[in-house]
Amino acid sequence: TNHLLVQHWRKDFPILHTSLYGKPLVYFDNAATTQKPSIVIEAENHYYRHTNANVHRGIHTLSQQATEVFESARGKLRQLINARHDHEIIFVRGTTEAINLVAQSYGRSRFKAGDEIIISAMEHHSNIVPWQMLCQQTGAILRVVPVSDAGELDINVYQSLLNKKTKLVAISHVSNTLGSINPVKTIINYAHAKHVPVLLDGAQAIAHLPVDVQDLDCDFYAFSGHKLYGPTGIGVLYGKADLLDEMPPYQGGGDMISSVSFEATTYNKLPYKFEAGTPNIAGAVGLGTAVDYLSAIGLDAIVKHEDSLLNYASELMTNIPELRIIGNARHKTGIISYVMAGVHPHDIGTFLDRQAIAVRTGHHCTMPLMERFGVPATVRISFALYNTKNEIDKLVSAIYQARELFK
Ligand code: PMP
């Protein structure tokens, strides 16, 4: 990728120009959350300064304007993932809330004892625990697709797990720990052949791959705004309209009703049925702006750049003695997880932090995956559009230094 282009993108992110310990910040923790471009920060600020009012309620002008910008953000998110209808976009707090919504609304109203839910061994805790809670409530059972040494799902086992009792498949599109891109189209085709709906956890995919929910034909798609250069506290549950229509509400309150009396309450239409209470209006506006930002750059350019970063870093890091990269899937994006013989990941993380290099160390909310690979934790490097090869050079040289220090 054009070096100048990336330098140009970097100017959009104010935090990248701060220093820590007298050194310029190198931010490689993008799988935890991405940094925000000025236009996103300013969009929220502008909303509060000029448009703030509650949505869907007021006859007054400001309220109508607030509703307009909120609903226009919904339209931008529909376009981002190519959903058929705006009302298939439910605003939620993030991926976690989206998955809990499906578990408690879709799952709880339909699943019974002995029904099966298929997940995988590389899921984030957000795509494990809501299903475990549902299993406790309904007597349903979790089935887990294993992960190979390369960090790929075992599709043969997956196929054999699909059976008459399977009620749902819930799988990550991209692993937030390994970066593996899962063969979700194949997964969906096999499930649909047995009339089983599929939820994709898109938290780690959405800013790194073009996502087209109609082409994928997934039934639900969940993601968080904050991993997409948008604000925290806002995210999206996409669901096919006919499924969402049949589902009972998740939470009760204002905005999700059409009429309330003590005898009977009737529910609002989609998407409002699932948006109880005053939503994160400013967050939605910020996220809509993040989508504008991403679309202006184009996902193809981002994929190309992040792939070149991944290849460059993988090559350099493979040459470091004692360093073991966990997971080398054939289809991978933007993440390197590694361990180093004899050195605890937290010590490496702390050492890198003093060089102003931000990485994640720990289990990355995927404790079963750590167990699968026999490690308590890894060091995770995760890329975003604003990272550079120069930053990778700094990282690699710091890893060599850490290796000397902790030997
Ligand atoms: N799933 C995956 C794959 C993730 O990467 C994350 C965030 N790291 C989540 C779920 C949870 O997202 P959130 O905390 O924003 O709800």
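You'll find the protein chain entered in an unreviewed UniProt entry as Cysteine desulfurase, with Methylotenera oryzisoli given as the organism. Comment text from UniProt for the protein chain, heading Catalytic activity (unreviewed entry), reads "(sulfur carrier)-H + L-cysteine = (sulfur carrier)-SH + L-alanine". The UniProt entry for the protein chain carries the following text under Sequence similarities (unreviewed entry): "Belongs to the class-V pyridoxal-phosphate-dependent aminotransferase family. Csd subfamily."

Caption draft 1: The UniProt feature "domain: Aminotransferase class V" (unreviewed entry) in the protein chain, seen in detail. Here, UniProt's "domain: Aminotransferase class V" (unreviewed entry) annotation points to residues 26-395. Annotated as 40% helix and 17% strand, the span residues 26-395 places its first and last C-alpha atoms 9 Å apart.

Caption draft 2: Molecular detail of the site of the ligand. The local shell around the ligand consists of A31, T95, T96, H124, S126, N176, D201, A203, S224, H226 and K227. Between T96 and the ligand, the recorded distance is 2.5 Å, taken from a side-chain N or O atom to an oxygen atom. Interatomic distance of 2.5 Å between a side-chain N/O atom of K227 and an oxygen atom of the ligand. Alone, the ligand offers 400 Å² of accessible surface; in the complex the protein occludes 85% of this. Taken together, the residues of the shell around the ligand sort by class into 2 nonpolar, 7 polar and 2 charged.

Caption draft 3: Region of interest: the sheet that holds strand β17 (residues 378-382). Ordered by their spatial adjacency, 4 strands build an open sheet running β13-β14-β17-β16, and the pairing between neighbours is antiparallel. Every other strand in the sheet has two partners, leaving β13 (323-325) and β16 (360-362) as the edge strands with one partner each. With direction set aside, neighbouring strand axes in the sheet form an average angle of 30 degrees. Across 4 bridges, strand β14 (residues 335-340) lies against β17 in antiparallel orientation. From the neighbouring strand, I335 faces β17, where its bridge partner is S382. Against the sheet, helix α11 (residues 299-318) touches β13, β14 and β17, its axis set at about 15 degrees to β14.

Procedures and definitions
- Residues numbered from 1 in each chain as written.
- Predicted model: local features only at pLDDT ≥ 70, side-chain atom pairs only at ≥ 80, totals over all residues.
- Heavy atoms only, no water.
- UniProt positions renumbered as here; feature names shortened; annotations may be inferred.
- Helix = DSSP H or I, 4+ residues; strand = E, 2+ residues; numbered from the N terminus.
- Near = heavy atom within 4 Å.
- Polar contact = N/O pair within 3.5 Å; in protein donor to acceptor, adjacent residues only side chain to side chain.
- Areas by Shrake-Rupley, 256 points an atom, 1.4 Å probe, with all protein chains shown as cover.
- Nonpolar A, V, L, I, M, F, W, Y, C, P; charged D, E, K, R; others polar.
- Pairing = 2+ DSSP bridges.
- Axes fitted to C-alpha atoms, helices over the stretch in contact; angles between N-to-C directions.
- Contact = heavy atoms within 4.5 Å.

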